[in-house]
Amino acid sequence: MKVVHTIEDLRDQLRGQLRVSFVPTMGNLHQGHLALMKLARQHGDPVVASIFVNRMQFGPNEDFDRYPRTLQSDIEKLERERDVYVLFAPDERELYPEPQSYRVQPPQELGDILEGECRPGFFVGVSTVVLKLFSCVQPRVAVFGKKDYQQLMVIRNMCRQFQLPVEILAHETVRADDGLALSSRNQYLQEAERTEAPSLYAGLRELQSRLHAGEHDTATLEADAVARLAARGWSVDYIAVRRQRDLHKPSVDEVAAGEPLVVLAAARLGVTRLIDNLEL
Ligand code: PAF
């Protein structure tokens, strides 16, 4: 695997390649990321991965400074798996060469709800860096995980609106045996919190069972799920049942008619904020 740090070296490596498959990451790679690389490999050649902790998507009180940066062990993991041909690991000056950056602003009704409401500016940061990375790598296919469900929708929407010639593929969320969605942030959890953490997903499954059993009042289902987690010591940002197609709230009639839905959740255990979702 070639490791490159500049756009010039990246372009040298990829000259003439028309079937590039791309996986952008912020590093600290786990099995979830490695599964994305495998999917990328099935849909293109060569596979390019990137590692860049993007300051623009972190709020002032978020974990940018303590976000785990583990480039050397990430390289070793990628070399063991042999799915990636080029790893692009730029520094901040390479991707943001000027102090005043252009910013990609997603439509409010998609970018300012749920995660966007709790983390103002998050999707501006994500969209901006993903557009920059696409412009550096020029992939034909790019792979994202469904754990970041709203992020995936924002990126698909951006590609559509900017007519980017990139096909976006989604990989199912990879989970630990006890159901916890894999995430780099799981390592912030204390031992007791790690034991408790799967109850976020368990709460989503419980909501799903009640919906399937015929309870169509999503506001009650959401409120019950929040109350159960709060009683276990969680501080819940949201648990929201939404339409899969646009993340809008479904009407009772739509729920009853079988509109495809997804429940999305964000909640804190101690200082660690976890997100998860489940297509219903
Ligand atoms: O999902 C992530 O790891 C990041 O948001 C992404 C897409 C790499 C952009 O920084």
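Described below are features of the structure shown in this document. (Residues numbered from 1 in each chain as written. Predicted model: local features only at pLDDT ≥ 70, side-chain atom pairs only at ≥ 80, totals over all residues. Heavy atoms only, no water.)

## Here we look at the site of the ligand
For the ligand, the full set of nearby residues is Pro-24, Thr-25, Met-26, Gln-57, Val-126, Val-129, Phe-144 and Gln-151. Here an oxygen atom of the ligand sits 2.7 Å away from a polar atom, N or O, in the side chain of Gln-57. Alone, the ligand offers 290 Å² of accessible surface; in the complex the protein occludes 88% of this. Those elements that provide at least two residues to the shell around the ligand are strand S2 (21–25) and helix H7 (122–137). Among the residues making up the shell around the ligand, the classes are represented as five nonpolar, three polar and no charged. (Near = heavy atom within 4 Å. Polar contact = N/O pair within 3.5 Å; in protein donor to acceptor, adjacent residues only side chain to side chain. Areas by Shrake-Rupley, 256 points an atom, 1.4 Å probe, with all protein chains shown as cover. Helix = DSSP H or I, 4+ residues; strand = E, 2+ residues; numbered from the N terminus. Nonpolar A, V, L, I, M, F, W, Y, C, P; charged D, E, K, R; others polar.)

## Digging into the sheet that holds strand S4 (residues 86–88)
Hydrogen bonds along the backbone pair up the strands of a sheet, which may run parallel or antiparallel. The parallel open sheet is built from six strands, whose spatial order is S1-S4-S3-S2-S5-S6. In the strand order of this sheet, the two ends are held by strand S1 (2–4) and strand S6 (167–171), each with one partner. With direction set aside, neighbouring strand axes in the sheet form an average angle of 25 degrees. Where strand S5 (residues 141–145) and S6 come together, five bridges link them in parallel fashion. Within S6, the position partnered with Gly-145 by the bridge is His-171. Lying over the sheet, helix H2 (residues 31–43) contacts S2, strand S3 (47–51), S5 and S6, oriented at roughly 165 degrees with respect to S2. Against the sheet, helix H3 (residues 71–81) makes contact with S1, S3 and S4, and its axis sits at roughly 160 degrees relative to S4, the strand it touches most. (Pairing = 2+ DSSP bridges. Axes fitted to C-alpha atoms, helices over the stretch in contact; angles between N-to-C directions. Contact = heavy atoms within 4.5 Å.)

The analysis is restricted to geometry; functional conclusions fall outside its scope.
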